[in-house]
Amino acid sequence: MQVIHYSVFTFAYMGFKWLISSIVILSLFSYSVSAQVKKLSGHIQDAHSEERIPFASLEFKNTTVGTVSDSAGNFSFTLSHWPSDTLVVTFVGFEDYALPVDTTLEEIQVIIEMERGKIGEEVVVKSKIGKGMIMWRKIVQHKPQNDRSRFDNFSYELYNKLEADLNDATHNKLIKFPLLKPFKSVIYQNIDSTTESKPILPLYLTESLSDYYYQRKPQKTREVFKAVKTLGFNNPSISKMLGGMYQNVNVYKNFIPVFDKDFISPISDNGSAYYRYSVPDTQYIGGRRFFHFLFTPKHKGENTFMGDAWIADSSYAVMKMNLRVSELANLNFVEKLDLVQEYQLLNDSVWFLAKDKFVADFIFLDKNRLSFIGRKTSTYRNIIINDTSVVAELEKNKLREEIVMSDSAAKHSDAYWQEARHEDLNQTEKGIYKMIDTLLEMPSFQRFTDLVYFIGTGYKNVGNYEIGPWYNWITANAYEGLRLRFDLGTNTGFNKKIYLTGYLAYGFADQKLKGRLQGLYLFNKSPRSTLMASYIKDIDNGQVYYDEVGSDNLFAIALRKPNTPLRYMKIEQEKLEYFKEWNSGFSVTLNGLRRRANPLSNLPLKEHFPVTNGGEPLNSFELGIKLRFAYLEKFLDGNFYRISIGSDFPIVEAHYSKGISGIFGSSYNYHKVGGSISDYKKIAPYGSIYYNIYAGKVLGTLPYTLLEIPPGNNLWYYNKYAFNMMSRYEYLTDWYAGVNVEHNIGNGLFRFIPLTRMLKFRQFWGVKVLWGDLNDANKAYNFIGNDNEFKSLNGKPYMEIGTGVDNIFKVFRLDFIWKVLPQPLPQKTFERFGIFGSFRVVF
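None of these values were measured; they are calculated from a predicted model.

1. A look at the overall build of the protein
Part 1 of the argument: Within the protein one finds 12 helices and 40 strands.
Part 2 of the argument: Buried residues in the protein amount to 48% of all 843 residues.
Part 3 of the argument: When contacts within the protein are restricted to residue pairs at least 6 apart in sequence, long-range pairs at least 24 apart make up 62% of them.
Part 4 of the argument: Split by element, the accessible area of the protein, about 41900 Å² in all, is 58% carbon and sulfur.

In structure tokens:
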């Protein structure tokens, strides 16, 4: 029994020992196996637009181990060992990407950013008819069934977010500017360096939430802003421009707007003349089949895109399109620009907008001095199609297009925005709120922004007043010699409805003091209604509507033409003007004007125009009215004034003035009537064209100061509104008619020359024609037979034609102008031909 007991005990002990040993061995084995598992995961995205790249190929170098990213651009590897130390990522239309793999790590998470640019052999279609061409034809054929403008009406909630950043902030020389030193620490704390790409400095962020309504027949649009939030400069007119009314991209249209240019859509009806197409593969997403459609420009220098799209089978609708502005496209200050448009499936067959994205890199000086990146994202929710509720909302419109923004839109709380946003702010955007709030509290930052404003606009705010513009402070001319001038005005701190301004000037040669006083009362901003009163006593420096550069500024000193008669006149003028505008775009201006003229140099003097009615020579009083109609004209509003940014329709003007003698010493009775029609139209792909047709008549026998004096130009600076080969006061008319035409072609013939294509030169031509005459009575009254004789056209045309080179160094324009009529032409070459320069900043 003892032996048996011992054997059982021993067996039990040995069994227990074996069990423990087995557990330990298995644990060690499991640990060893576990230690050998390697994991690599992440997603692939476009380096510029940050859009995910689906179905990209990933393969370890020199191995057969690989995978494909999913429809959202995600990928993952689970491996027993690292097959290689390099992962190669490829996708058609992008540069190959080689990711170094640290083989000492067991788990790696990455974001792979790929650059567009590589064009594989599969993109170049050598045959006239290939799969890509067939796909393009199918897409174009089905555009009427897929374009959202086909619906009778629709509405949606639109969320817009715009962000502006300083690019590559740690190396940008702008951030090292001495004036930024007091708040550098705040800036560096908010630099976003969370990604492997260049760090950025957030500068500006604005968000808006609106309801957008559209009706096809009769066409109407309406946008109601529910909320607007801006950090940085706050301007309601800018917020409106960032809404759905002005920023409405539709890839189904033949042309896609990019700033002030129209680019040819890859699925334009005439797209095959500008693009090469290919279909490298098909994929299934959510159980549906999609074609991968690629496009590249056929020709360099044209306003086209490169990119790709995913096209739904059967319906040939766009599910997503990625557009990159092609290299050498004629666009200024833009290094890279991406447009992305995504569509969502509302039911089995209707695709509608889901998301728009716009990303652009701007370089204004060079990459290390003034480089910015702008991002705009739009998302669409609560989509309603062909519904009576949309019609009911649009019935509130008084115009074809209306934008409604209440004052309360900018007063919503942070809690409201957290609920209302279609997507949460990322860390960078949250940093903007914190940084700008901190900077706005720093006096040094306010001083810096004041300096930038002063240099850029010419004005500086000092308490409730403003001084400037600085470029009028010092000038010189033959009559006054050195001229000094000082301007002073009020700002919104003084009064939000009243704007007062004036200046004093002194000429050291004539030793006379001159000046101006002006007051404006703003009854209403939109529709605009104002009352303005002014008094001026100064040399007439040509600062009227048609002069882009008057004589009373610093820049005009070096631009005056030689051998041109210097004709000077002193004016004293009082004016009272009431302006009233309606939402329709119709406006009325009523004015009363008293004007005394005193010729000073190279002009007939007052003594040549005696009067017998007890009045004063060259003294007039008139009442006038101007009617103007500019349908759906858009403006950029300032505090008291605004800048027109044009209308899609012709602008019509008509004016009438009645001169009355016996008031304030006035001596003349007369009538003046005139009108004009002008328009600026894009005629893509052939650029844009501007025209102005005008005519008028003066009834009465009058001195030259009250007749029509065609606008001449005494400067070598090109004037769009003047006859540049004509001197000021050269011609007189009492009836006139004319037309101005300018066609900006774009790069035109320059795109065929490699050097001019690279320099982005632009081509244009223009013609200006004027007909006019004086009746016999006005000729006898004004042509007094001295050296200062005026000229009459005698009913014959005056004509200038011109062409030239635009966009030299992105800002300079050179005009070559020939005077071709009237005949005979002057013998001196400089009187028949001139070269003029001008500056302008356009994209």
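Next comes the rest of the account.
2. Considering the sheet that holds strand β2 (residues 57-60)
Paired through backbone hydrogen bonds, the strands of a sheet run either parallel or antiparallel to each other.
Part 1 of the argument: Pairing is antiparallel in the open sheet, where 4 strands are placed in the order β3-β2-β5-β6. In this open sheet, the two strands that pair with only one neighbour each are β3 (66-68) and β6 (97-100). Adjacent strand axes in the sheet meet at a mean angle of 20 degrees when their direction is disregarded.
Part 2 of the argument: The sheet contact formed by β2 and β3 spans 3 bridges and is antiparallel. Along β3, the bridge assignment pairs Leu58 with Thr67.

3. Quick look at the sheet that holds strand β7 (residues 107-114)
Part 1 of the argument: In space, the 3 strands of this open sheet follow the order β4-β1-β7, with mixed pairing throughout. Each edge of the sheet is formed by a strand with only one pairing partner; in this case those strands are β4 (74-79) and β7. Neighbouring strand axes in the sheet, compared pairwise and without regard to direction, differ in orientation by 20 degrees on average.
Part 2 of the argument: Relative to β4, strand β1 (residues 38-46) is paired through 6 bridges, and the arrangement is antiparallel. Note that in β4 the partner of Leu40 across the bridge is Phe77.

4. Description of the side chain of Gln215
Part 1 of the argument: With respect to the secondary-structure elements, Gln215 resides in strand β9 (residues 201-215).
Part 2 of the argument: By relative accessible area, which is 9% here, Gln215 ends up buried.
Part 3 of the argument: Within the structure, Gln215 has its side chain in polar contact with the backbone oxygen of Pro218 (distance 2.9 Å).
Part 4 of the argument: With near-sequence residues (within four places) excluded, Gln215 lies in contact with Asp152, Asn153, Lys220, Val391 and Leu394.

5. Describing the nonpolar core
When a protein is soluble and globular, its nonpolar side chains tend to lie buried together.
Part 1 of the argument: Counting residues in each nonpolar core, the largest one holds 75 residues, and the members touching the most others are Leu40, Ile44, Ile112, Phe293, Phe295, Phe305 and Ile311.
Part 2 of the argument: Judged by nonpolar contacts, the second largest core, of 18 residues, contains Met569, Leu603, Tyr670 and Leu774.

6. Considerations on the packing of aromatic side chains
Within a pair of aromatic rings, the relevant descriptors are the distance that separates the centres and the angle that separates the planes.
Part 1 of the argument: Tallied over the full model, the rule gives 50 aromatic pairs.
Part 2 of the argument: Look at Tyr521 and Phe523: their rings are 4.8 Å apart centre to centre, the planes differ by 70 degrees, and that puts the pair in the edge-to-face class.
Part 3 of the argument: Over the face of the ring belonging to Trp582 we find Lys580, whose NZ or CZ atom lies 5.6 Å from the ring centre.

7. Some points on the side chain of Thr86
Part 1 of the argument: Position of Thr86 relative to the elements: it lies in strand β5 (residues 86-90).
Part 2 of the argument: A polar atom in the side chain of Thr86 sits 3.2 Å from the side chain of Asp85.
Part 3 of the argument: If we skip the residues at most four places from it in the chain, Thr86 touches Glu59, Phe60, Lys61, Ala98, Leu99 and Val101.

8. Description of helix α2 (residues 131-141)
Part 1 of the argument: Along α2, the residues that are buried comprise Gly132, Met133, Met135, Trp136, Ile139 and Val140. When α2 is viewed along its axis, its buried side chains cluster within an angular range of 160 degrees and face the same direction. Relative to its buried face, α2 has exposed residues pointing more than 90 degrees away, namely Lys131 and Gln141.
Part 2 of the argument: Among the structural elements, α3 (143-146), β13 (275-285), β14 (288-297) and β15 (305-312) are those in contact with the buried residues of α2.

9. Looking at empty space enclosed by the protein
Part 1 of the argument: All chains considered together, the criterion is met by 7 cavities of 30 Å³ or more.
Part 2 of the argument: The space that makes up the second largest cavity amounts to roughly 170 Å³.
Part 3 of the argument: Contributing to the lining of the second largest cavity are 20 residues, with Tyr718, Glu742, Gly766, Val767 and Lys768 lying nearest its centre.
Part 4 of the argument: The set of elements that each furnish at least two residues to the lining of the second largest cavity consists of β36 (735-746), β37 (762-773), β38 (797-808) and β39 (812-821).
Part 5 of the argument: Element by element, the count of residues in the lining of the second largest cavity is highest for β37, at 5 residues.

10. Regarding the pattern of salt bridges
Part 1 of the argument: Counted according to the given criterion, the structure contains 47 salt bridges.
Part 2 of the argument: For Glu51, the salt bridge is made with Lys357, and the minimal N-O distance between the two is 3.5 Å. One end of the pair, Glu51, is in the loop between β1 and β2; the other, Lys357, is in strand β18 (residues 351-363), and 306 residues separate them in sequence. For the residue pair Glu51 and Lys357, the accessibility class agrees, reading buried in each case.
Part 3 of the argument: A single salt-bridge network, built from bridges that share partners, covers Asp46, Arg116, Asp308, Arg324 and Asp338.

Scoring rules and cut-offs
Residues numbered from 1 in each chain as written. Predicted model: local features only at pLDDT ≥ 70, side-chain atom pairs only at ≥ 80, totals over all residues. Heavy atoms only, no water. Helix = DSSP H or I, 4+ residues; strand = E, 2+ residues; numbered from the N terminus. Buried < 20%, exposed > 50% of the residue type's maximum accessible area, 1.4 Å probe, protein only. Contact = heavy atoms within 4.5 Å. Areas by Shrake-Rupley, 256 points an atom, 1.4 Å probe, with all protein chains shown as cover. Pairing = 2+ DSSP bridges. Axes fitted to C-alpha atoms, helices over the stretch in contact; angles between N-to-C directions. Polar contact = N/O pair within 3.5 Å; in protein donor to acceptor, adjacent residues only side chain to side chain. Core = buried A, V, L, I, M, F, W, Y, C linked by side-chain atoms within 4.5 Å. Phe/Tyr/Trp six-rings, centres within 6.5 Å; stacked < 30°, edge-to-face > 60°. Lys NZ or Arg CZ within 6 Å of the ring centre and 35° of its normal. Arc of directions from axis to C-beta. 1 Å grid on protein atoms, 1.4 Å probe; cavity = no way out; pocket = protein on both sides within 12 Å on 5 of 7 lines; lining within 4 Å. Points joined across faces, edges and corners; volume = space filled by probe spheres on them. Salt bridge = Lys/Arg side-chain N within 4 Å of Asp/Glu carboxyl O.

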